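Tertiary structure, described
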Amino acid sequence: MAQITLQGNVISTIGELPKIGAKAPEFELTATDLSKKSLSDFSGFTLLLNIFPSVDTGTCAASVRSFNKSAATIKNTKVLCISRDLPFAQNRFCGAEGIENVLMLSDFADGSFGKKYGLEVSGSPFANLHSRVVIVINPDGNISYTEQVLEIADEPNYEKAIAAIK
C-alpha cells in the first residue's frame, strides 16, 4: 500500500504500482462512446497512462490539457486519460476544452483497473477513486516508468513522463 496525502492528510492506496520492467496488467475500460478498450487494443504503441481522481477538478483537468498538447503528438504514442468519471462527464469535458489528442477512458463500472494497478484510494473521502499516477507502457507491453504523485492535489512531473517516452 502506498502512502499519499490529500491536502496534507495521509491517505493510502490499496496496493503498489506495477514494477518497472513488469508486464502491464491487462485492463478493460469504457471509452466516451461506450465502447470497450483493452490494453491489447494498443499493442505496438507506447502508452502514457494519465490517471487521476476526477476530470472535474482543476489539477486533473490541467494534466489532461498538458498531455493533450505534449505527449499526444509524439510518434507511436497514445495518451490514455483514466478516471472513474462517467464516460458522459469525460466526453463533456473534452468537448468544452477542445481536447482531441488523448483518449478518455473510464473505470466506472467496477474499478478493476484501479485495483489491478494498485492505485485505488482507500479509507478517505476519495475512497474508491484513483490516485494521481502516470504510467508509461512500452510497445512490448512492459512498464517503463511510473510516478505516484505524493500529494493528490499536485500535478505530475510532465517533463519526466515525456522523457520516459522519448
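Worth saying up front: this structure is predicted, and the values here are computed from it rather than measured.

Before going further, it helps to examine the overall build of the protein. From N to C terminus, the protein includes 4 helices and 10 strands. Helices and strands in the protein line up, N terminus first, as β-β-β-β-β-α-β-α-β-α-β-β-β-α. The C-alpha atoms of the protein give a radius of gyration of 14 Å, which matches the 15 Å a tight globule of 166 residues would have. With the principal axes as the frame, the protein shows a C-alpha extent of 40 × 35 × 30 Å.

In terms of nonpolar packing, the biggest core is built from 20 residues, with Leu-49, Phe-113, Tyr-117 and Ile-137 touching the most fellow members. Secondary-structure elements contributing two or more residues to this core are β3 (28-31), β5 (46-51), β6 (77-83) and β9 (133-137). Setting aside chain neighbours within four positions, we find Tyr-117 in contact with Glu-16, Leu-17, Pro-18, Ala-24, Pro-25, Phe-27, Leu-49, Ile-135 and Ile-137. Core analysis: the second largest hydrophobic core is formed by 18 residues, Leu-48, Phe-67, Met-104 and Tyr-158 among them.

This brings us to the sheet that holds strand β1 (residues 3-6). Read from one edge to the other, the open sheet built from 3 strands follows the order β1-β2-β8, with strand pairing classed as antiparallel. Both outer strands of the open sheet, β1 and β8 (121-122), are each paired with one neighbouring strand and no more. Sheet topology note: the strand β2 (residues 9-13)/β8 ladder contains 2 bridges and is antiparallel. Counterpart to Thr-13 in the pairing with β8 is Val-121.

Here we come to the environment of Leu-29. The residue Leu-29 is located in strand β3 in this model. With a relative accessible area of 0%, Leu-29 lands in the buried category. For the pair formed by Leu-29 and Asn-91, sequence separation is 62 residues and the distance between their alpha carbons is 14 Å. Leu-29 has contacts with Ser-35, Lys-36, Lys-37, Ile-82, Leu-105, Ser-106, Asp-107 and Phe-113, leaving out every residue within four places of it along the chain.

Although it is not a glycine, Leu-34 adopts a positive phi angle of roughly 70°. The topology assignment puts Leu-34 in the loop between β3 and β4 (36-38). Not every positive phi belongs to a glycine, and Asn-76 is a case in point at roughly 60°. Looking at the secondary structure, you find Asn-76 in the loop between α1 (58-69) and β6.

The next thing to look at is the environment of Asp-41. With respect to the helices, strands and loops of the structure, Asp-41 is situated in the loop between β4 and β5. The partly exposed category is assigned to Asp-41, whose relative accessible area is 43%. Between the C-alpha atom of Asp-41 and that of Glu-28, which follows or precedes it by 13 residues, the distance is 9.7 Å. A distance of 2.8 Å separates a polar side-chain atom of Asp-41 from the backbone nitrogen of Ser-38.

The subject of this paragraph is the side chain of Glu-151. Relative to the assigned elements, Glu-151 resides in the loop between β10 (143-148) and α4 (158-165). It turns out Glu-151 is buried and unbridged, and the closest side chain with the opposite charge, Arg-132, is 7.9 Å from it. In this view, Glu-151 contacts Thr-5, Leu-6, Gln-7 and Gly-8; residues no more than four positions away in its chain are not counted.

About the criteria used
- Residues numbered from 1 in each chain as written.
- Predicted model: local features only at pLDDT ≥ 70, side-chain atom pairs only at ≥ 80, totals over all residues.
- Heavy atoms only, no water.
- Helix = DSSP H or I, 4+ residues; strand = E, 2+ residues; numbered from the N terminus.
- Rg over C-alpha atoms; globule rule 2.2 N^0.38 Å.
- Core = buried A, V, L, I, M, F, W, Y, C linked by side-chain atoms within 4.5 Å.
- Buried < 20%, exposed > 50% of the residue type's maximum accessible area, 1.4 Å probe, protein only.
- Contact = heavy atoms within 4.5 Å.
- Pairing = 2+ DSSP bridges.
- Polar contact = N/O pair within 3.5 Å; in protein donor to acceptor, adjacent residues only side chain to side chain.
- Lys, Arg positive; Asp, Glu negative; His and termini not counted.
- Salt bridge = Lys/Arg side-chain N within 4 Å of Asp/Glu carboxyl O.

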